[in-house]
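Structure assessment
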Amino acid sequence: MAASRRRHATPGRISRVGRQAVPRPRVIMALLLLLGLVCMMLLDGYLRAEIGDDQRVRTGASADSVPAEVLEGGPILSFPAGTARTQSVPDKTIVLTFDDGPDPEWSGKVMDILDENDVPGTFFLVGSMVARYPDVVRRMVDEGNEVGVHTFTHVDLSYQSEARVKREIAQTQLALAGAAGITTTLFRAPYSSKTDAIDDYSWPVYERLGAMGYTSVFIDTDSEDWQRPGVSKIVKWATPEDGEGASVLFHDAGGDRSETLAALPKYIKKMKAKGYTFTTVSGAQQQAGADGDDASAAAPPGPVQEGGAQGDSAQAAHRKADTASVWEGRALLAAVRVAEWTVPGLATMLGVVGVAVLGRFGLMLLLARRHHRQRNRRRFTWGPEVNGPVSVIVPAYNEKECIAATLNSLAASTHPIEILVVDDGSTDGTAEIAESLGLPNVRVIRQENAGKPAALNNGVRQARHDIVVMMDGDTVFEPDAVHQLVQPFADPGIGAVAGNAKVGNRSTMIGAWQHIEYVMGFNLDRRMYDLLRCMPTIPGAIGAFRRQAVLEAGGMSEDTLAEDTDITIALHRAGWRVVYAEHARAWTEAPASLGQLWRQRYRWSYGTMQALWKHRRSVTDRGPSGRFGRVGMPLVVLFQIVTPVFAPLIDVFTVYAMVFVDFRASLLAWLAILAVQLLCAAYAFRLDREKYRYLLMMPLQQLAYRQLMYLVLIHSCVTAATGGRLRWQKLKRTGEVGTPHVGAS
């Protein structure tokens, strides 16, 4: 990317341009897109209940506040008229309960067994799983099974605030409404077991839920199938004392349930042989009420039917959800479906992007090393030394802070040059300052304000020599920069040469970040593109051209905001070769504020997209044009547009993985990528003979500066996609970049 680009705005127009530099609706659109993806990832993580450590019921906690009749009572706890009542399952009756579903694999197989044996089940469902597998829940309800709430994220509610408790229940009910159009009055707390395990921490939760109309269901017989002890032990442990009724716990999710599936039909056959009947929780309540148990006062009446189709038994616990809840639930399920598709798809896509980026790093290192060794061999030469005079064109608009340093650096050039200062209608006395310096071989050409491309074209037309060097009015050259820059023109096939642009104002944090970017991102790239013969951009700060080649290409075009990229691609398509001269160094003043940096990079990226689109037909061309179209253009699109657009998502996904998946592994992966980038940067600094101390800023650059650059690119893509237009902006200069010492870094 060019080190400096701008159009010279006309007087009185600058403020309007400044206000339009960052179109707010498009910024908001880009941020909303990123926010939407973040929300999908957060929803997915929340559904997977992988945030934080699992919290279990406390052991050894006091139960002083729990009524003794509850601790010693049956497994069905309700609060009719605000008074705690427990019920036991009637004798010779089994309530089969299943926890932790629905599961797309195991729940269906459990229901198949229940249906084959004409036995109902009561499934206590995790709301997040309901939202992910609504079809399984719909089948449960349609086949007459009973469902209850097992919280939304399977947390121990005794550790949660009252608001969190209500939210866990409400979200699960919403998911049930969306999945099956019903709500339920049954509840089972995660990690609960028998009523004698209720303590002073969990009792207030059951009281609040009772006041909300919920029946809390415990167990008195545990199959312990979750331990996978073997089929025979599961059957044995699930069998109650002879003649006693039981609320029996199995699981239809949470791991490998193959032993559960093997034990369940044997258990049902065994209990039926003993004369037991099977029912649901509501069925047990109704049966106890019919037997005259006062504790069943809160249980709704209705006949009890054994079998898969229970009739009113399941209806006793189920309620038809109201229309608003159904639609809200469906919206939740829709969001979950999007999240379920988005996160895995995003992970796959980012994996591909990550591999591509790492591959690019490897290719850059390989080709940069080859380029450096090839161009720095003692015997390497482009041909006869180029010593003839060249024309240096300096387009200038209101450059009073910088123009003197720029011209003084050119005056110290070791190569014979003529200097053409094309004043593009400056209003601050830039032309007068240039003339007052009294430097030899300096011509000041005045023109009405027409923009940088027009100024460069004017300079090319009036240049006296066959080779023209183009630079910016805020850039200073090292004494041998011009000589180094023009040597490749000894090869008649070379039409343009890119110089080594460096950040001069690197003492600030923003300047240091840009310095790293220039050395690693721009100059390391140019070495790679040079060897691949598909250099996409001659930097505006320092570049040299054959005058005739520029004229044949139609000059600097105003079709795009990236006139340097545009002319570079045009030269490729005309059959000229473009190379990189690493020892031709120029020092430019980089933007000193985030606002100016945003405007500059926004224009760069947008202009690059314009240039690529303008020359899109090169993809199908033959010869040098086709080479650029099929090699250079895909590389630029992939690594300067596509991967940077998705790069912020890599960081967001890394945070997601740290929070919801595996913090340590995710952190190590992020550090490994940072280490690869540091390696590339260190090698680039070594090639450019830069001081390594600036690399200490790189971790912070990755966390802050890089994100800003990605947002700029996303903003540019949104502008391009929505057909927006962008105008040039004049950046404020300070003139702090003075004439450098030879080899200064």
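Being a predicted model, the structure only gives us computed values, none of them experimental.

**Some details on the overall build of the protein**
The helix and strand inventory of the protein stands at 24 helices and 20 strands. In the protein, buried positions account for 56% of the 745 residues. At a minimum sequence separation of 6, the contacts of the protein that also span at least 24 residues come to 83%. As displayed, the protein has an accessible area near 30200 Å², and 55% of this comes from carbon and sulfur atoms.

**Some remarks on the confidence of the model for the protein**
This prediction gives the protein a mean pLDDT of 85; 87% of its residues lie at or above 70. Low confidence marks residues 50–55, where pLDDT is under 50. Its contacts with residues over four positions away, or in another chain, come to 12 contacts.

**Things to note about the sheet that holds strand β13 (residues 390–396)**
An order of β15-β14-β13-β16-β19-β18-β20-β17 is seen for the eight strands of this open sheet, with the pairing classed as mixed. In the strand order of this sheet, the two ends are held by β15 (442–447) and β17 (475–477), each with one partner. Across this sheet, the average inter-strand angle for adjacent strands is 30°, counted without regard to direction. Across eight bridges, strand β18 (residues 494–503) lies against strand β20 (residues 577–588) in parallel orientation.

**Quick word on the packing of aromatic side chains**
Following the criterion strictly, the structure yields 10 aromatic pairs and no others. For the pair Phe 98 and Phe 123, a centre-to-centre distance of 4.9 Å together with 20° between the ring planes defines the contact as stacked. Of this pair, Phe 98 sits in strand β3 (residues 93–101) while Phe 123 is found in strand β4 (residues 122–125), placing the two residues 25 residues apart along the sequence. One aromatic cluster in this structure is built from Phe 98, Phe 123, Phe 250 and Tyr 267. Geometry around Trp 327 places Arg 330 over its ring, the cationic atom sitting 5.0 Å from the centre. Taking the ring centre of Tyr 694 as reference, the NZ or CZ of Arg 506 above it sits at 5.5 Å.

**Some details on a nonpolar patch on the surface**
Among the surface-exposed residues, Ile 28, Leu 32 and Leu 35 lie close enough to one another that they form a single nonpolar patch of about 290 Å² accessible area. Checked against the element boundaries, Ile 28 lands in helix α2 (residues 24–47). Under the relative-accessibility criterion, Ile 28 is labelled partly exposed at 46%.

**As for the pattern of salt bridges**
Under the counting rule described, the total for this entry stands at 27 salt bridges. Residue Arg 464 pairs with Glu 418 through a salt bridge whose shortest N-O separation is 3.9 Å. Placement of the pair is Arg 464 in the loop between α16 (452–462) and β16 (467–471) and Glu 418 in strand β14 (residues 417–424), with a sequence separation of 46 residues. The shortest N-O distance in the salt bridge between Lys 502 and Glu 690 comes to 2.7 Å. Remark: Glu 690 occurs in the loop between α23 (663–687) and α24 (698–721) and Lys 502 occurs in strand β18; sequence separation between them is 188 residues. The same class applies to Lys 502 as to Glu 690, namely buried. Overlapping salt bridges bring together Lys 502, Arg 506, Arg 527, Glu 582, Asp 688 and Glu 690 as one network.

**Things to note about helix α21 (residues 594–614)**
For α21, with 21 residues, the first-to-last C-alpha span of 30 Å sits near the 30 Å given by 1.5 Å per residue. The buried fraction of α21 is high, at 16 of 21 residues.

**Focus on the side chain of Arg 375**
The residue Arg 375 is located in helix α13 (residues 323–375) in this model. Residue Arg 375 is classed as buried on the basis of its relative accessible area, which comes to 11%. Within the structure, the side chain of Arg 375 is placed 2.7 Å from the side chain of Asp 530, a separation counted as a polar contact.

**As for the environment of Leu 125**
Looking at the secondary structure, you find Leu 125 in strand β4. Between the alpha carbons of Leu 125 and Asp 100 there is a distance of 5.6 Å; along the sequence they are 25 residues apart. Among all residues touching Leu 125, those that are not within four sequence positions of it are Gly 101, Pro 102, Val 130, Val 137, Met 140, Val 147, Gly 148, Val 149, His 150, Thr 151, Thr 172 and Leu 176.

**Here's the deal with the packing of α13 against helix α18 (residues 509–532)**
Between α13 and α18, the shortest axis-to-axis distance is 8 Å and the interhelical angle comes to 70°. For the element pair α13 / α18, the angle class is roughly perpendicular. Touching Arg 360, Phe 361, Leu 363, Met 364, Leu 367, Ala 368, Arg 370, His 371, Gln 374 and Arg 375 of α13 are Met 520, Leu 524, Asp 525, Arg 527, Met 528, Asp 530, Leu 531 and Leu 532, all from α18. Partitioned by chemical class, the residues of the contact of α13 with α18 number 10 nonpolar, two polar and six charged.

**Quick notes on the nonpolar core**
Core analysis: the biggest nonpolar cluster contains 54 residues, and Met 470, Met 520, Tyr 529 and Phe 545 have the highest contact counts within it. Dropping the residues within four chain positions of it, Phe 545 is found in contact with Asp 466, Ile 467, Val 468, Met 470, Phe 489, Gly 495, Ala 496, Ile 538, Val 550, Ile 567 and Leu 571. Counting residues in each nonpolar core, the second largest holds 44 residues, with Met 40, Leu 43, Leu 47 and Ala 339 among its members.

**Examining helix α7 (residues 162–180)**
Between its first and last C-alpha, α7 extends 27 Å over 19 residues, near the 27 Å set by a 1.5 Å rise per residue. When we look at burial in α7, the residues that qualify are Arg 164, Val 165, Glu 168, Ile 169, Thr 172, Gln 173, Ala 175, Leu 176, Ala 177, Gly 178 and Ala 179. One or two residues past the end of α7 sits Gly 181, with phi positive at roughly 75°.

**Focus on the pairing of β14**
Two faces, one strand: in a regular strand the side chains alternate between the faces of the sheet. In terms of residue burial, β14 counts as a mostly covered element, since eight of its eight residues are buried. On β14, burial covers both faces: Ile 417, Ile 419, Val 421 and Asp 423 on one face and Glu 418, Leu 420, Val 422 and Asp 424 on the other are all buried. Here seven bridges tie β13 to β14, and the two strands are oriented parallel to one another. Among the inter-strand pairings, Ser 391 is bridged to a residue of β14, identified as Glu 418. Of the crossover connections in this fold, the one passing from β13 over helix α14 (residues 403–411) to the parallel β14 is right-handed. In terms of strand pairing, β14 meets β15 through six bridges, oriented parallel. The residue of β15 that forms the bridge with Asp 423 is Arg 446. Running through helix α15 (residues 430–436), the crossover from β14 to the neighbouring parallel element β15 is right-handed.

About the thresholds
Residues numbered from 1 in each chain as written. Predicted model: local features only at pLDDT ≥ 70, side-chain atom pairs only at ≥ 80, totals over all residues. Heavy atoms only, no water. Helix = DSSP H or I, 4+ residues; strand = E, 2+ residues; numbered from the N terminus. Buried < 20%, exposed > 50% of the residue type's maximum accessible area, 1.4 Å probe, protein only. Contact = heavy atoms within 4.5 Å. Areas by Shrake-Rupley, 256 points an atom, 1.4 Å probe, with all protein chains shown as cover. pLDDT = per-residue confidence, 0-100. Pairing = 2+ DSSP bridges. Axes fitted to C-alpha atoms, helices over the stretch in contact; angles between N-to-C directions. Phe/Tyr/Trp six-rings, centres within 6.5 Å; stacked < 30°, edge-to-face > 60°. Lys NZ or Arg CZ within 6 Å of the ring centre and 35° of its normal. Patch = residues over 30% accessible without salt bridge, like charges linked within 9 Å, V, L, I, M, F, W, Y side chains within 5 Å. Salt bridge = Lys/Arg side-chain N within 4 Å of Asp/Glu carboxyl O. Expected span 1.5 Å × (residues − 1). Polar contact = N/O pair within 3.5 Å; in protein donor to acceptor, adjacent residues only side chain to side chain. Parallel < 35°, antiparallel > 145°, perpendicular 65-115°, else oblique. Nonpolar A, V, L, I, M, F, W, Y, C, P; charged D, E, K, R; others polar. Core = buried A, V, L, I, M, F, W, Y, C linked by side-chain atoms within 4.5 Å. Right-handed = clockwise from strand over helix to strand, strands pointing away.

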